[in-house]
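A closer look at the structure
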Amino acid sequence: MTVLGAVFRPQNPPESLREAVRVAEATGLEELWLWEDCFLESGIATAAAALAWTDRVRVGIGLLPVPLRNVALTAMEAATLYRLFPDRLILGIGHGVQTWMEQVGARVESPVTLLSEHLGALRALLAGERVTTSGRYVHLDDVALDWPPAAPPKVYAGARGPRSIRLCGEHADGTLLDSITDADGVRVARKLIDEGRAAAGRTDRHHIVANLLAVTGPDAAGRLAAERTPAHAPGAGVAGDAHAVAEAVVRLAEAGADTVVLQTTADDPDTAAFLRFVAEEVRPLVS
C-alpha cells in the first residue's frame, strides 16, 4: 500500500508546530515531513520536538543540506534521534540550494561530489563503523560514534538532476523527489536510480518518496498556479477536493513512488486543517 505523508512547511512559525504534530498523531497520519530550508527552521530541532510530542507518527527530514554540516555532526545528531525514537525518524540529506549555500559561504565547486562523499561517510558512521577518509570535501581521521543506532538506518538523499538522481541509486537507501516532479518524472527517476544501483552492485530495496503540491479549499486552482514555477513539470501539482488529490497520489504511486508526501502552499493559513484533510479525507481514497 502507498504510504501517505504531509509536510509542515517551515514558512509556518515554529510555535505552530506542536498543534500540527498533535493533529498528525491524532488523525493517524503515517508520516509528517519537515524541511531545513534557509533561513527558516532547523530540521533536527523540529524533528526532535515532533518526535518527543508523539508516540506513533514517523517524522521525516527532507532534507538536511550537507554543505552546512560536518558529516560527523550530522551522524551524531541523527544517531541520537534514532536511539531516542527507534524506527520513527526518516533522514534525508541533499546538496542544498546553491544560492543559499553561497549566501553562507558554503557553496562548493562540485555539489554532487560532496553529496557522494557525505553519504558514504554518514552511512558508515551510522552503521557503527570507524571511518578514516580523505576526499575532496569530507575528511575524517579515525572517527566512530560512541552511540550509533542499534541497527544501521536507511539514509535518503534528495535530487533533481540526472547525475544526482543516479547518485542516489548508487549511494543512498532512498530518493526524495521534490514537488516539481510529475508521474513521468518519477518513471525517469526510477530508471536513473536503477542504473546507479546496478553500477554499485546494490540489490537492496530502494524507496522513492515523491512530493506532491496539493491545494484544496477556496481558490485552490489560483493558489496552485501562484506556487508553481517554470521548473515544475507539466503534470506536477493538483488542485481540488479529496478525490482529485487522491487520483494524483495514485498516478505517482503507479509511476513508481513508494511514498507520496502532500504539501500545501506556503500561504495556507491552517496547516493543521490540511493535515486533517490528508489523513481523514484523502487517505481512505488511496489504496
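Everything in this summary refers to the structure shown in the same document. These figures come from a predicted structure and were not determined experimentally. (Residues numbered from 1 in each chain as written. Predicted model: local features only at pLDDT ≥ 70, side-chain atom pairs only at ≥ 80, totals over all residues. Heavy atoms only, no water.)

**Details of the pattern of salt bridges**
Overall, the coordinates contain 21 salt bridges when judged by the stated rule. Taking the shortest distance from any N to any O, the salt bridge between Arg 283 and Glu 30 comes out at 2.4 Å. Highlighted residues: Arg 283 in the segment after α10 (271–282) and Glu 30 in the loop between α1 (17–27) and β2 (31–34), separated in sequence by 253 residues. Exposure remark for Glu 30: the relative accessible area of 22% places this residue in the partly exposed category. As a salt-bridge pair, Glu 36 and Arg 69 come within 3.1 Å of each other at their nearest N and O atoms. With a gap of 33 residues between them, Glu 36 in the loop between β2 and α2 (43–52) and Arg 69 in the loop between β3 (58–65) and α3 (71–84) connect regions that are remote in the sequence. (Salt bridge = Lys/Arg side-chain N within 4 Å of Asp/Glu carboxyl O. Helix = DSSP H or I, 4+ residues; strand = E, 2+ residues; numbered from the N terminus. Buried < 20%, exposed > 50% of the residue type's maximum accessible area, 1.4 Å probe, protein only.)

**A word on the packing of helix α5 (residues 111–126) against helix α6 (residues 162–171)**
At a minimum axis distance of 11 Å, the contact between α5 and α6 shows a crossing angle of 15°. With respect to each other, α5 and α6 are oriented roughly parallel. Note that α5 runs across α6; the crossing there is right-handed. Contacts from Val 112, Leu 115, Ser 116, Leu 119 and Arg 123 in α5 reach Arg 163, Ser 164, Leu 167 and His 171 in α6. (Axes fitted to C-alpha atoms, helices over the stretch in contact; angles between N-to-C directions. Parallel < 35°, antiparallel > 145°, perpendicular 65-115°, else oblique. Left-handed = near helix turned anticlockwise from the far one by under 90°. Contact = heavy atoms within 4.5 Å.)

**Focus on a nonpolar patch on the surface**
Among the surface-exposed residues, Phe 39, Leu 68 and Val 104 lie close enough to one another that they form a single nonpolar patch of about 270 Å² accessible area. In this fold, Leu 68 is placed in the loop between β3 and α3. Classification of Leu 68 as partly exposed rests on a relative accessible area of 39%. (Patch = residues over 30% accessible without salt bridge, like charges linked within 9 Å, V, L, I, M, F, W, Y side chains within 5 Å. Areas by Shrake-Rupley, 256 points an atom, 1.4 Å probe, with all protein chains shown as cover.)

**A short note on helix α9 (residues 242–255)**
The end-to-end C-alpha distance of α9, which contains 14 residues, comes to 20 Å, matching closely the 20 Å that a straight helix rising 1.5 Å per residue would cover. Restricting attention to buried positions, one finds in α9 the residues Ala 242, Val 245, Ala 246, Ala 248, Val 249, Leu 252 and Ala 255. Buried residues along α9 sit against β1 (3–8), α7 (183–200), β9 (207–215), β10 (238–239), β11 (259–263) and α10. Capping the start of α9 is the job of one residue whose side-chain oxygen sits 3.2 Å from the backbone nitrogen of His 243: Asp 241. Within two residues after α9, Gly 256 carries a phi angle of roughly 130°, on the positive side. (Expected span 1.5 Å × (residues − 1). Polar contact = N/O pair within 3.5 Å; in protein donor to acceptor, adjacent residues only side chain to side chain.)

**A closer look at the pairing of β1**
With six of its six residues buried, β1 lies for the most part within the structure. Residues Val 3, Gly 5 and Val 7 point to one face of β1 and Leu 4, Ala 6 and Phe 8 to the other, with burial holding for every one of them. Across four bridges, β1 lies against β11 in parallel orientation. Among the inter-strand pairings, Ala 6 is bridged to a residue of β11, identified as Leu 262. In terms of strand pairing, β1 meets β2 through four bridges, oriented parallel. Following the sheet pairing, Gly 5 is matched in β2 by Glu 31. (Pairing = 2+ DSSP bridges.)

**Section: the environment of Gly 185**
Structurally, Gly 185 can be placed in helix α7. Sequence separation between Gly 185 and Ala 210 is 25 residues; the distance between their C-alpha atoms is 9.8 Å.

**As for α6**
Among the residues of α6, those classed as buried are Ser 164, Ile 165, Leu 167, Cys 168 and Gly 169. Considering only its buried residues, α6 is in contact with α5, β7 (155–159), β8 (174–177) and α7.

**Concerning the environment of Leu 115**
Tracing the backbone through its elements, the reader meets Leu 115 in helix α5. Sequence separation between Leu 115 and Glu 102 is 13 residues; the distance between their C-alpha atoms is 16 Å. With near-sequence residues (within four places) excluded, Leu 115 lies in contact with Val 66, Ile 93, Gly 94, His 95, Gly 158 and Leu 167.

**Considering unusual backbone geometry**
Here the bond from Cys 38 into Phe 39 is cis, since omega is -5°, no more than 30 degrees from zero. Secondary-structure assignment places Phe 39 in the loop between β2 and α2. For Asp 87, which is not glycine, the phi dihedral falls at a positive 65°. Positionally, Asp 87 belongs in the loop between α3 and β4 (89–94). The backbone of Asp 142 shows a phi angle near 60°, a positive value even though the residue is not glycine.

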